[in-house]
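One-letter residues, chain by chain:
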Amino acid sequence: RHAVRVVAFDPALREHFYRLNADWLRKYFYLEEIDHRVLSNPETELVAPGGEVLFALLGDAVIGTCALKYDSPGTYELTKMAVDERYHGLGIGRKLLQAAIDAFKARDGRVLFLESNRKLAPALRLYESMGFEHQPTLKADSHYSRSDVYMIWRDPDTVARKRRKQA
């Protein structure tokens, strides 16, 4: 775990962004048109509008990825998170998620959301542990037919400060 490093997008890593995401999507769902478009063109779909694509590397092996997608001023989506199955349970997802949250904060983001599916229970537990809260309704303008979970990130430090003030 300690040897894993998270790096920003490099065109040489593009194929791994597609590979890692397509593998898990095919395992649990299927690739929707939006998936194919974003995975095939991360520079155009994610990086150029103001988002970021991150990769987890162990040595030279690309073992995970996730992205921060610009949605509107101050609003970003955590998306396209995937970790090679051989490395599940080692904290790689947590490391990627923290790097995405750090990138969100560096952009002075106000709202960070994600969409997921109930059958991805380990991923949902990770998101919850990192400060994402389930919303009572689905995202009204969702791009994904598979989405049945909508979560918004609340900075645990900010939440704790508010609770202390209220006490």
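For the structure, see preceding data.
Read on for a plain summary of the structure. Given the structure is predicted, the values throughout are model-derived calculations rather than measurements. (Residues numbered from 1 in each chain as written. Predicted model: local features only at pLDDT ≥ 70, side-chain atom pairs only at ≥ 80, totals over all residues. Heavy atoms only, no water.)

### Digging into the overall build of the protein chain
1) Next: Looking only at helices and strands, the protein chain features 6 helices and 7 strands.
2) Next: Overall, the protein chain shows an N-to-C arrangement of helices and strands of β-α-α-α-β-β-β-α-β-α-β-β-α.
3) Next: Taken along the three principal axes of its C-alpha coordinates, the protein chain extends 50 × 35 × 30 Å.
4) Next: Counting every position in the protein chain, which comprises 167 residues, the buried fraction comes to 44%. (Helix = DSSP H or I, 4+ residues; strand = E, 2+ residues; numbered from the N terminus. Buried < 20%, exposed > 50% of the residue type's maximum accessible area, 1.4 Å probe, protein only.)

### Considerations on the packing of aromatic side chains
1) Next: Inspection of every chain in the model, using the stated rule, returns 10 aromatic pairs.
2) Next: The interplanar angle of 85° and the centroid separation of 6.0 Å between the aromatic rings of Tyr 76 and Phe 104 together place this pair among those described as edge-to-face. Of this pair, Tyr 76 sits in strand E4 (residues 75-83) while Phe 104 sits in helix H4 (residues 92-106), and the two are 28 residues apart along the sequence. Judged on exposure class, the residue Tyr 76 and its partner Phe 104 are both buried.
3) Next: Relative to Trp 153, the ring of Phe 104 has its centre 5.9 Å away and its plane inclined at 85°; by these criteria the two rings are edge-to-face. Of this pair, Phe 104 sits in helix H4 while Trp 153 sits in strand E7 (residues 149-153); the two residues are 49 residues apart in sequence, bridging distant segments of the chain.
4) Next: Judged by its relative accessible area of 3%, Phe 104 is buried.
5) Next: Owing to a relative accessible area of 9%, Trp 153 belongs among the buried residues under this scheme. (Phe/Tyr/Trp six-rings, centres within 6.5 Å; stacked < 30°, edge-to-face > 60°.)

### A look at the packing of helix H1 (residues 14-28) against helix H2 (residues 33-40)
1) Next: Packing of H1 against H2 brings their axes to within 9 Å, and their N-to-C directions diverge by 155°. By the criterion of interaxial angle, the relationship of H1 to H2 is roughly antiparallel. Of the residues in H2, those in contact with Arg 14, Phe 17, Tyr 18, Asn 21, Ala 22 and Leu 25 of H1 are Asp 35, His 36, Val 38, Leu 39 and Ser 40.
2) Next: Split by residue class, the contact of H1 with H2 holds 6 nonpolar, 3 polar and 2 charged. (Axes fitted to C-alpha atoms, helices over the stretch in contact; angles between N-to-C directions. Parallel < 35°, antiparallel > 145°, perpendicular 65-115°, else oblique. Contact = heavy atoms within 4.5 Å. Nonpolar A, V, L, I, M, F, W, Y, C, P; charged D, E, K, R; others polar.)

### Quick look at the side chain of Thr 79
1) Next: Counting through the fold element by element, Thr 79 comes out in strand E4.
2) Next: Looking at Thr 79, its side chain comes within polar contact range of the side chain of Tyr 144, at 3.3 Å.
3) Next: If we ignore the near neighbours within four places in the chain, the residues touching Thr 79 are Leu 46, Cys 66, Ala 67, Lys 69 and Tyr 144. (Polar contact = N/O pair within 3.5 Å; in protein donor to acceptor, adjacent residues only side chain to side chain.)

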